[in-house]
Amino acid sequence: MTVIMDGKLLSEIIINQLKIKTGKLEKKPHLVVFLAGNNSASRIYVNNKKKKAEYIGFTLSVVELPSDISEKDFLEQIYIMNDDSNINAMLIQLPLPNNLNSQKIIESVDPIKDADGFTSYNFGWMALGYNPYAVPCTPKGIIRLLDEYKVNPEGKNVIVIGRSNIVGKPLSLMLQQRNATVTMAHSKTENLAEIASSQDIVISAIGIPNFINSKFIKKGAVVIDVGINRTEKGITGDVDFNDVKDKVSMITPVPGGVGPMTIAMLLENTFELFQIQQNFVL
Ligand code: NAD
């Protein structure tokens, strides 16, 4: 029988554990989210994060910036937060308006306050296999889900489809550190279905609804669907769930799979950064 990997439930468990730990703190973690421009999807994501952060007992402040903000003014806001010891973590909500250089803005966040693990300091330490202050939330959430369902990637053939800096690239590195044999596929990969259909674990982060069907899947494979695609039928993943569900051993649903894990990992990263800054361990 196919196991549905319940990211919603696991994320709720993690969030409730964070709430208990936060309840014991005198000073509470403070996360700042920079929201530039008027992207309605970003606004929904930020509100979602705020609700969960406040449920835990964190402070979450949203800094709203106009879409025509200059790079200099944006950087100044971040420098102020870097110097403010009451701010423990920061997140730049992506995508940024086109006039801004996203990596330059991200790089200006002090790595010890980098809740997404996107600065080159944290990303570099992760890539080298050391312990950064924080690792990117979506890959971290996927690894946590695999652990929860006792899917050990060691020695397994794993294909990661999509090589973005926020999902596919860091995930492929994290899986290598777990001793998986990783194939990194992307839009220029030839014979993708043939390659994918020999893999033990298939992870798709491409952003094309229902692209991955049963032709891409070996019988008994584990499938992780990272895609969040807005269609006229609502939100769908990259995987044609109904087409593959009887062929796979485990699969994440969309919604309710990787998405809620990403938010839980953001909040966990915030808590961990706070702890590092306080220099104590509960
Ligand atoms: P992106 O657009 O930055 O990158 C997409 C990647 O997919 C690229 O590397 C590209 O080469 C590859 N790709 C595109 N078409 C392809 C094809 N036909 N065959 C093979 N590879 C192809 O995307 P992203 O920001 O990584 O997001 C990808 C998807 O994941 C989106 O649907 C996004 O909404 C979703 N996402 C979900 C979460 C979550 O928490 N669940 C987090 C981040 C992104």
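Just above, that's the structure.
Every value quoted in this text rests on a predicted model; they were computed, and no experiment measured them.

## Focus on the overall build of the protein chain
Link 1 in the chain: In terms of regular secondary structure, the protein chain is built from 10 helices and 11 strands.
Link 2 in the chain: Across the protein chain, every contact between residues at least 6 apart in sequence was considered, and the portion connecting residues at least 24 apart equals 71%.
Link 3 in the chain: Put simply, the protein chain shows about 13500 Å² of open surface, and 52% of that area lies on carbon and sulfur atoms.
Link 4 in the chain: Charge centroids of the protein chain, computed over 29 positive and 29 negative side chains, lie 4 Å from each other.

## Some details on the site of the ligand
Link 1 in the chain: Neighbouring residues of the ligand: 22 residues in total, closest Arg163, Ser164, Ser187, Val226 and Thr262.
Link 2 in the chain: Within the backbone of Arg163, one N or O atom sits 2.8 Å away from an oxygen atom of the ligand.
Link 3 in the chain: In this structure, Ser187 approaches the ligand through a main-chain N or O atom, which is 3.0 Å from an oxygen atom.
Link 4 in the chain: Protein contacts shield 72% of the accessible area of the ligand, which totals 850 Å² for the unbound molecule.
Link 5 in the chain: Ranked by residues supplied to the shell around the ligand, first place goes to helix H10 (residues 258–278) with 3 residues.
Link 6 in the chain: Residue classes in the shell around the ligand are distributed as 11 nonpolar, 10 polar and 1 charged.

## Considering the side chain of Gln199
Link 1 in the chain: Its place among the elements puts Gln199 in the loop between helix H8 (192–196) and strand S7 (201–204).
Link 2 in the chain: A distance of 3.2 Å separates a polar side-chain atom of Gln199 from the backbone nitrogen of Val158.
Link 3 in the chain: At 3.4 Å, the side chain of Gln199 forms a polar contact with the backbone nitrogen of Ile159.
Link 4 in the chain: Those residues in contact with Gln199 that sit more than four places away from it in its chain are Asn157, Val158, Ile159, Thr183, Lys218 and Ala221.

## Quick word on the packing of aromatic side chains
Link 1 in the chain: Taken as a whole and assessed by the stated rule, the structure comprises 5 aromatic pairs.
Link 2 in the chain: For the ring pair Tyr121 and Trp125, a centre distance of 5.6 Å and an interplane angle of 25 degrees mean the geometry is stacked. Note that Tyr121 and Trp125 are positioned in helix H5 (residues 120–128) at a spacing of 4 residues, about one turn of the helix.
Link 3 in the chain: Using a relative accessible area of 35% as the deciding quantity, one classes Trp125 as partly exposed.

## Points about helix H3 (residues 71–83)
Link 1 in the chain: Look at H3: 19 Å from first C-alpha to last across 13 residues, which is about the 18 Å you get at 1.5 Å a residue.
Link 2 in the chain: Regarding H3, the residues found buried are Phe74, Leu75, Ile78, Met81 and Asn82. With its buried residues spanning 120 degrees around the axis, H3 presents them on a single face. Across from the buried face of H3, at angles greater than 90 degrees, the exposed residues are Lys72, Ile80 and Asp83.
Link 3 in the chain: Along its buried surface, H3 packs onto strand S2 (30–36), strand S3 (59–65), strand S4 (89–92) and helix H4 (102–107).

## What to know about the side chain of Ser204
Link 1 in the chain: By the element assignment, Ser204 lies in strand S7.
Link 2 in the chain: At 3.0 Å, the side chain of Ser204 and the side chain of Asp238 are in polar contact.
Link 3 in the chain: Non-local contacts of Ser204, meaning those with residues more than four positions away in its chain, are made with Ile161, Ile212, Ile224, Asp225, Val226, Gly227 and Asp238.

Thresholds, definitions, all that
Residues numbered from 1 in each chain as written. Predicted model: local features only at pLDDT ≥ 70, side-chain atom pairs only at ≥ 80, totals over all residues. Heavy atoms only, no water. Helix = DSSP H or I, 4+ residues; strand = E, 2+ residues; numbered from the N terminus. Contact = heavy atoms within 4.5 Å. Areas by Shrake-Rupley, 256 points an atom, 1.4 Å probe, with all protein chains shown as cover. Lys, Arg positive; Asp, Glu negative; His and termini not counted. Charge placed at Lys NZ, Arg CZ, Asp CG, Glu CD. Near = heavy atom within 4 Å. Polar contact = N/O pair within 3.5 Å; in protein donor to acceptor, adjacent residues only side chain to side chain. Nonpolar A, V, L, I, M, F, W, Y, C, P; charged D, E, K, R; others polar. Phe/Tyr/Trp six-rings, centres within 6.5 Å; stacked < 30°, edge-to-face > 60°. Buried < 20%, exposed > 50% of the residue type's maximum accessible area, 1.4 Å probe, protein only. Expected span 1.5 Å × (residues − 1). Arc of directions from axis to C-beta.

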